[in-house]
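Residue strings, one per chain:
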Protein chains: 2
Amino acid sequence: MPLPVPVLPEGVDPAWLPPAAFRAVGGRRTLIRGSGPLVETVHGEVAEACRRFGGRVVRGGRVDASYDLVLDAEAGGLGAEGFAEERAGGTTTVTASAGRGLLYGLFHVVRLQEAAFTGERAREVHRPALALRMLDHWDNVAVHPVMGQVERGYAGGSLFWADGRARGELERVRAYGRLLAACGVNAVCVNNVNVHETEAHLLTDRLGDVADLAGAFRPYGIRTHLAVSFAAPVLLGGLPTADPLDAAVRAWWAGAVARVYEVIPDFGGFVVKADSEGQPGPFAYGRSHAEGANTLAAALAPYGGTVHWRAFVYDHRQDWRDRTTDRARAAHDHFTPLDGRFAPNAVLQVKHGPMDFQVREPVSPLIGAMPHTRLAVELQATQEYTGQQRHVCWLGPMWSEVLRFRLGDTSVGELARGGLVAVSNAGDDPFWTGHPLAQANLYTFGRLAWAPDADPGDALDEWIGLTHPDAPRRLVSGLHAVLDGSWRTYEKYTAPLGVGWMVQPGHHYGPSVDGYEYSPWGTYHFADRDGIGVDRSRATGTGFAAQYPEPWAQVYESPRTCPDELLLFFHHVPYGHVLHSGKTVIQHIYDTHFEGVEEVEAARRVWASLGDLADPARHTRVAERYEEQLRGAREWRDQINSYFFRNSGVPDAHGRRIH
Amino acid sequence: MPLPVPVLPEGVDPAWLPPAAFRAVGGRRTLIRGSGPLVETVHGEVAEACRRFGGRVVRGGRVDASYDLVLDAEAGGLGAEGFAEERAGGTTTVTASAGRGLLYGLFHVVRLQEAAFTGERAREVHRPALALRMLDHWDNVAVHPVMGQVERGYAGGSLFWADGRARGELERVRAYGRLLAACGVNAVCVNNVNVHETEAHLLTDRLGDVADLAGAFRPYGIRTHLAVSFAAPVLLGGLPTADPLDAAVRAWWAGAVARVYEVIPDFGGFVVKADSEGQPGPFAYGRSHAEGANTLAAALAPYGGTVHWRAFVYDHRQDWRDRTTDRARAAHDHFTPLDGRFAPNAVLQVKHGPMDFQVREPVSPLIGAMPHTRLAVELQATQEYTGQQRHVCWLGPMWSEVLRFRLGDTSVGELARGGLVAVSNAGDDPFWTGHPLAQANLYTFGRLAWAPDADPGDALDEWIGLTHPDAPRRLVSGLHAVLDGSWRTYEKYTAPLGVGWMVQPGHHYGPSVDGYEYSPWGTYHFADRDGIGVDRSRATGTGFAAQYPEPWAQVYESPRTCPDELLLFFHHVPYGHVLHSGKTVIQHIYDTHFEGVEEVEAARRVWASLGDLADPARHTRVAERYEEQLRGAREWRDQINSYFFRNSGVPDAHGRRIH
């Protein structure tokens, strides 16, 4: 039985799967071969498209020339997720070895639109580079008094939870899964890595809520994961300890996992934030993170589950007066001694940078330092430090730079053998992501997780094409223009030269140069009247630069070789220091901040000029957010420029107004 | 029938009315003459003291030599609150013309302890200098999502409200009223001046809750006031407008007030925060504050009620880039044109300084600029900006400086014809004020409201003596030592030279030099690499200094004459500017911050040395808070010194450690 396509609630934006995106497929004659639940999903998709656009779909039987499209899940050799696509003799053929591969193949054809049915197309095999392509939702079940329903969420409430309860809007969850499948995501963790009291119970007495979500995701090939508390044996099991080497603790985890798999046979596994920002962990019992992770991994192993163990471990109660501790070093210091000690189904999940999702960071050296450990790399689609979905900031170029960055002989994309993970930016907002253009981040993440070496600009253009299938050229180029450079624009008007952290404490929106300067969070810039930056060199600083393999250790060691955009991350320099660009640091600060605002003004003008072409609700929402972005960019410009002018006393070379 | 003394709940501290404070009275033979409810209160007090200490009390009848104490409410000429006290022929006599005066006379005798019954005492007449001595409680009925149960409260929950309901613990309210009467307070406003949705209803359908509180306060001579929303006619009355000149609005207020007086015949009146920090007000209707206040005053006039209209009106959405707006000017600019326009029962309630309860501000020039308006002066007992009752900061000297300050020929204490008001620092904490030593602020406020020209040190010693009636000399002198200089100590380690506002935004605890520097709140210090301070001179600055009468306008106009402690409030000066003290500004900053911490260390040692003498629970609580105070003082010292060292580049002359 074909599975009906999920129906969106009234007023909810179809994002990158509007009905018109299926016009090319829906107008054709399609043959579908194969069986299994995901083939039924494929059938449902094609049937719905045909209903709308007049085509026909046939299930099973012989391939013949009367078909425009053959979707065949009975081929061999393509694995669970791979597919091949070709066009010959007037028939486009997608072959796969399983339903999931066929589904990805169908969405591939959808993306191609009319091009899928034009001319000849040589056979291309598509396989995901990474087996795990996951979204972590920092969604709370109960509203947290400080963090709210969704921690660092900027898209309304949660799709899964509301006020302590499961929302039960499984049709929308299914629609979300469909969007994710269309960009290649195959795993979702449904609750916040900060596991509070209510959320801990999802593992046991509230498992039914998780099973409901898993049921909604399953038809789109998405496995459900759960963030759990390391203290669960104590919190939920009533044991006196959560010591990972304690036999009763191990037995408790084994029992809990067995019960999970009884109701969710394809359960993905756990995500654990342990000994991190106040969450419990193995340190309390004198155990290592490997011992902690392996106990959970042992419980999951019989069922094929995985534990994702976050490497985000640092001293978050640091004294700002202590110059010997460097938060950037922490993950490498903590975890490299454990390389090779993690179980095969334990994945160490490492944030892409050594700090925490700033607009510019170097790649985390830990990613290249664990050759005997499965690593996942974690990105942040939710725009915590990049404008909170009130500012346009398409992160594709940043993520691509990270994934293509080479540590030794290997790119980060290749090193991420355990998968690519992003913190989701989606919520119950009608546009899914608050800012309609932030949908592009979610889409791009999925596509880069599938192919980390892909050109992110191609993903952007795919997103534009799918989201606006009938768009005239001016709209397409306008959208590309306002998104393509938006990350660099955001970087320009916010924290310069890799210094980061000049945000308002707590909520992290808007500028506060000294907001984190005297805090316990290990986030300092050390600006004074003479200069700014953190000396992380081996010779005179914290030694963080030496955590990199060559050539990076040497490149980052000296201000002469360090790339401009990371200069203040690695070095404390005088304001008069001359960058590779030929500008002084202080003039660079002034210039980029003026330029950043000008670029926002220009983007806003482009957007305004598209009012006749874009969907009115979408256009209005984006236009409103551009007002806020412009206000915010000016605030950033003026605070940053004033702060550094007051500190340095150096006037702007161009005599512009600094308050 | 004598009114029984309120019984404190188990574990609640008796503050400055421990049973032993009544030993001298309770061991005597006392005659009470007069009638009325407050005489019954007096009778109950004496009866309880006698029950405990073996004395006797007789009601009515002739005065004869067998009495040690005569409390006579039937004398003439002393007004509602005055009393006379003398001792001759072995009898101490207190005379009053009303029950309230007699109650104050009794507490006077209690304060004197054995001295009241020793030798001869010449007749002294005591009358309060100010008719209104009020505490404003910023207590919310419903817990506010940001501000909590008590806005700027540091003493647990509210005595009156909890989670949207009246607490109904009227015995404790009565005990609170008793404490207040013992220091001379005669009015309490029972809800926050920021009147939110739930609280607005106290005026109408939840009036019964207010009447209950009024009933508990009444036996101790305290009238109950209510903070109301200027928009009440719209919010509660369903009218389309709250325009104060609209006839229906005026009728609505008249009706509402009539209903209040039906159930609370001695109701004190309203407190109104209008057009201030988002509260509604007359500006919305193009009306002046006098027109707004007078409409409420007209409704209250037939019953003898008063409207307290707060002058805390300023632009709280200021752009920090706008140097032409000066928040310090705002109250004077807004209200002086309205002098003489307020109804006789409208009191303009003015904060003592032009900003907002910083540790050091000049006196508000508005206080001297409204000769034809009844003014009340508002102080802040709750330690929002002075250590939040985790730090010892006895505010007596600051308040006394304010009250004795002369604007023209008249002191602030004399100008406050409408009364003295303090924001209460009391809550449901077992010690009433969180920090046990913060009780001294509440007590001192009451005594200064009674006699604004009194020596605050005398009030402190009274508080010490009452609170610890059997204390050995070492405890008394130790308590005096740790409290007496604590305000200047707090000033030393926090914001220097009158600059203020170097606090963490929002909660206002702990240092953040730039926390309010780029904010919309009008609170700036303009520190740069060369200097710091706000130029408020007439010649080159905002002109605020010119709002003062002479000699102050001239004194404040120039850094040569401006007192050191207010220098940065009035002037922007280089770090090398030499103070009257002979030190440079930068060295003063360093020195005071080191000294402040040393003074806290010394006070902590004094307190530790009293462990054998003080009540254990009280000693432990204070000792714990000293740990936090010391931690906090060091944090202040290090952040402030680091910030200014980084900015100025000037090393400490004594080579001490600056981080």
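Just so you know, these numbers come straight off a predicted model, no measurement behind them.

Cut-off values and rules
- Residues numbered from 1 in each chain as written.
- Chains lettered and ligands numbered in written order.
- Predicted model: local features only at pLDDT ≥ 70, side-chain atom pairs only at ≥ 80, totals over all residues.
- Heavy atoms only, no water.
- Least-squares fit on C-alpha atoms with pLDDT ≥ 70 in both.
- Contact = heavy atoms within 4.5 Å.
- Buried area = accessible area lost by both parts, 1.4 Å probe.
- Salt bridge = Lys/Arg side-chain N within 4 Å of Asp/Glu carboxyl O.
- Polar contact = N/O pair within 3.5 Å; in protein donor to acceptor, adjacent residues only side chain to side chain.
- Pairing = 2+ DSSP bridges.
- Helix = DSSP H or I, 4+ residues; strand = E, 2+ residues; numbered from the N terminus.
- Axes fitted to C-alpha atoms, helices over the stretch in contact; angles between N-to-C directions.
- Buried < 20%, exposed > 50% of the residue type's maximum accessible area, 1.4 Å probe, protein only.

1. What about the relation of the copies chain A and chain B?
Related by rotation about an axis and a shift along that axis, the two copies of the chain form a pair. Once chain A has been moved 0.0 Å along the axis and rotated by 180 degrees, it coincides with chain B to within an RMSD of 0.0 Å. The superposition operator between the copies reduces to a two-fold rotation axis.

2. Some details on the interface of chain A and chain B
Each partner contributes residues to the interface: chain A has 22 residues there, and chain B has 22 residues. When chain A packs against chain B, close to 2200 Å² is buried across both sides, 43% of that on carbon and sulfur atoms. Counting every contact that joins chain A to chain B gives six salt bridges. Across the pair Arg321(A) and Glu635(B) runs a salt bridge whose closest N-O atoms are separated by 3.0 Å. One can count 17 residue pairs in polar contact (both at pLDDT 80 or more) joining chain A with chain B.

3. A short note on the sheet that holds strand E3 (residues 69–72) of chain B
Residues and elements named next belong to chain B. Here we have six strands laid out as an open sheet, ordered E2-E1-E3-E5-E4-E6, and mixed in their pairing. If you trace the sheet from one side to the other, it starts and ends with strand E2 (56–59) and strand E6 (121–126), each paired once. Strand-to-strand twist of the sheet, defined as the mean angle between neighbouring strand axes without regard to direction, takes the value 10 degrees. The sheet contact formed by strand E4 (residues 83–88) and strand E5 (residues 91–96) spans six bridges and is antiparallel. Bridged to Glu-86 within E5 is Thr-93. Set on the sheet, helix H2 (residues 37–53) makes contact with strand E1 (29–33), E2 and E3; between it and E2 the angle comes to about 155 degrees.

4. Some details on the pairing of strand E17 (residues 374–380) of chain A
Residue and element names in this part refer to chain A. Most of E17 sits out of view: six of its seven residues are buried. With five bridges joining them, strand E16 (residues 346–351) and E17 adopt parallel strand pairing. Residue Leu-348 lies in a different strand from E17, and its bridge partner there is Leu-375. Alignment of E17 against strand E20 (residues 419–423), held across five bridges, turns out to be parallel. Within E20, the position partnered with Ala-376 by the bridge is Gly-419.

Geometric values such as these leave the question of function open.
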